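Listed below, chain by chain, are the residues.
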Amino acid sequence: MLDSLFSSALTDTNLTFNNAVITIGLAIILGLVISLTYMKTNQSTYSQSFTLTMVVLPVIVAIIILLIGSNIARAFSLAGAFSIIRFRSAPGDPKDIAYVLFTMASGLACGVGAFGYAVLFTIILCVLMFVLSRFNFGGKKSQLKTLKVTIPENLSYEEALNEVFHTFNVPFDLKKIRTTELGSLYELVYSVTIHESVSQKEFLDAIRTRNGNLDISLTMSPTTEY
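Definitions and limits used
- Residues numbered from 1 in each chain as written.
- Predicted model: local features only at pLDDT ≥ 70, side-chain atom pairs only at ≥ 80, totals over all residues.
- Heavy atoms only, no water.
- Helix = DSSP H or I, 4+ residues; strand = E, 2+ residues; numbered from the N terminus.
- Buried < 20%, exposed > 50% of the residue type's maximum accessible area, 1.4 Å probe, protein only.
- Contact = heavy atoms within 4.5 Å.
- Areas by Shrake-Rupley, 256 points an atom, 1.4 Å probe, with all protein chains shown as cover.
- Axes fitted to C-alpha atoms, helices over the stretch in contact; angles between N-to-C directions.
- Parallel < 35°, antiparallel > 145°, perpendicular 65-115°, else oblique.
- Nonpolar A, V, L, I, M, F, W, Y, C, P; charged D, E, K, R; others polar.
- Core = buried A, V, L, I, M, F, W, Y, C linked by side-chain atoms within 4.5 Å.
- Phe/Tyr/Trp six-rings, centres within 6.5 Å; stacked < 30°, edge-to-face > 60°.
- Salt bridge = Lys/Arg side-chain N within 4 Å of Asp/Glu carboxyl O.
- Patch = residues over 30% accessible without salt bridge, like charges linked within 9 Å, V, L, I, M, F, W, Y side chains within 5 Å.
- Polar contact = N/O pair within 3.5 Å; in protein donor to acceptor, adjacent residues only side chain to side chain.
- Left-handed = near helix turned anticlockwise from the far one by under 90°.

Undergrad: I'm lost on the overall build of the protein in this one. Help?
TA: Summing up its helical and strand segments, the protein has eight helices and four strands in all. Starting at the N terminus and ending at the C terminus, the protein contains elements arranged as α-α-α-α-α-α-β-α-β-β-α-β. Residues classed as buried in the protein amount to 33% of the 226 residues present. The long-range share in the protein, meaning contacts at least 24 apart out of those at least 6 apart in sequence, stands at 73%. When the accessible area of the protein is evaluated, it comes to approximately 14600 Å², of which 62% is carbon and sulfur surface.

Undergrad: Looking at this model, I keep getting lost on the packing of helix α2 (residues 17–41) against helix α6 (residues 115–134). Mind explaining?
TA: Helix packing geometry: the angle between the two helix axes and the distance between the axes. Here α2 crosses α6 at 5°, and the two axes come no closer than 10 Å. If you check the angle between α2 and α6, you find them roughly parallel. Note on element contacts: α6 touches α2 through Phe115, Ala118, Val119, Thr122, Cys126, Met129, Phe130 and Ser133, opposite Asn19, Ile22, Thr23, Leu26, Leu30, Val33, Ile34, Thr37, Lys40 and Thr41. Here the contact of α2 with α6 is composed, by residue class, of eleven nonpolar, six polar and one charged.

Undergrad: Sorry, what's going on with the nonpolar core here?
TA: Within soluble globular proteins, side chains that are nonpolar tend to cluster in buried spots. Judged by nonpolar contacts, the single largest core of 17 residues is most densely connected at Leu147, Phe165 and Phe203. Elements represented by at least two residues in this core include exactly β1 (142–152), α7 (162–167), β3 (185–195) and α8 (200–211). The biggest single contributor to this core is β3, with four residues. Beyond its immediate chain neighbours, meaning those up to four positions away, Phe165 contacts Leu147, Val170, Phe172, Tyr190, Val192 and Phe203. Listed in part, the nine residues of the second largest apolar core include Leu30, Ala62, Ala109 and Phe115.

Undergrad: Any chance you could explain the packing of aromatic side chains here in plain terms?
TA: In this description, an aromatic ring pair is defined by two values, namely the gap between the centres and the angle between the planes. Applying the stated criterion across every chain yields a total of ten aromatic pairs. Aromatic side chains Tyr157 and Tyr186 sit 5.4 Å apart centroid to centroid with 50° between the ring planes, which places their arrangement in the tilted category. Here Tyr186 lies in strand β3 and Tyr157 lies in the loop between β1 and α7, a separation of 29 residues in the sequence. The partly exposed category is assigned to Tyr157, whose relative accessible area is 28%. Measuring from centroid to centroid gives 5.0 Å for Phe165 and Tyr190, while their planes differ by 70°, and the two rings are edge-to-face. Of this pair, Phe165 sits in helix α7 while Tyr190 sits in strand β3, and the two are 25 residues apart along the sequence.

Undergrad: Could you clarify how one ought to interpret the pattern of salt bridges in this entry?
TA: Pairs may arise between side chains of opposite charge once their charged atoms sit close together. Counting across every chain of the model gives four salt bridges. Between Lys175 and Asp173 there is a salt bridge, and its shortest N-O distance comes to 3.0 Å. In this structure Lys175 comes out as exposed when scored by relative accessible area, which is 57%. Among the salt bridges present, the one from Asp205 reaches Arg208, with a minimum N-O distance of 2.8 Å. Taken together, the positions of Asp205 and Arg208, both in helix α8 and three residues apart, correspond to about one turn of that helix.

Undergrad: Explain a nonpolar patch on the surface to me, please; I cannot follow it from the model alone.
TA: On the surface, a cluster of nonpolar side chains totalling about 460 Å² of accessible area is made up of Val119, Ile123, Val127, Val131 and Phe135. As for its placement among the helices and strands, Val119 is situated in helix α6. Given a relative accessible area of 32%, Val119 falls into the partly exposed group.

Undergrad: Looking at this model, I keep getting lost on the environment of Leu36. Mind explaining?
TA: If you trace the backbone, Leu36 turns up in helix α2. Of the residues examined, Leu36 reaches a relative accessible area of 47% and is grouped as partly exposed.

Undergrad: Looking at this structure, how should I read the side chain of Lys145?
TA: The topology assignment puts Lys145 in strand β1. Reaching out from Lys145, the side chain makes a polar contact with the side chain of Gln200 at a distance of 3.1 Å.

Undergrad: Looking at this structure, how should I read the packing of α2 against helix α3 (residues 48–68)?
TA: Close contact between α2 and α3 brings their axes to 8 Å; oriented N to C, the two are set at 150°. Comparing their axes, α3 and α2 come out roughly antiparallel. For the pair α2 and α3, the crossing hand works out as right-handed. In contact with Asn19, Ala20, Thr23, Ile24, Ala27, Ile28, Gly31, Leu32, Ile34, Ser35, Tyr38 and Met39 of α2, α3 contributes Phe50, Thr51, Met54, Val55, Pro58, Val59, Ala62, Ile63 and Leu66. Partitioned by chemical class, the residues of the contact of α2 with α3 number 16 nonpolar, five polar and no charged.

See the structure below:
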């Protein structure tokens, strides 16, 4: 039975009403499964617009494949129509791009009638995503951050915070120095690597005692995982 399901899937790709309903329905279900997987594995970073896109994208791809079928002229016509569209977006997370390709692949499989393979590949990849997320595959325990500290002019900026960095075992690199308040204050910008075992509150409190409770900011660097 399974052999017949997988072997006959690619033979019936004619555009009929029943075939279209089954294809679109399965594409929606697979899109929902992939979208839910994405939300579960990215609970703190996902956006509603992206999750909705992952539900709709397999349906769009499946419909395009159904319309094209084996008609080469129709394929070139659709390619010309879609070449008019221009997308403008900032580069995203590589993991998000992988999910986009994932949804497109599931829609493509539905469009060509490979329903068994579409379900099989979706289940395998969703389980893989869950496992990798559960074990935090590739994650590291240190974060690269940017530390901005204001110090009075009577402190030597070259070694003002060295003792604090050594106490908390925080690797640092002084990136920028500038004067403020007509030269009465220095603003120091450090690149610091903070291990998860370091208490950031205690670290900042130690800096406050050194700089006289002046301004301090600790922000994520463009590359947060280190």
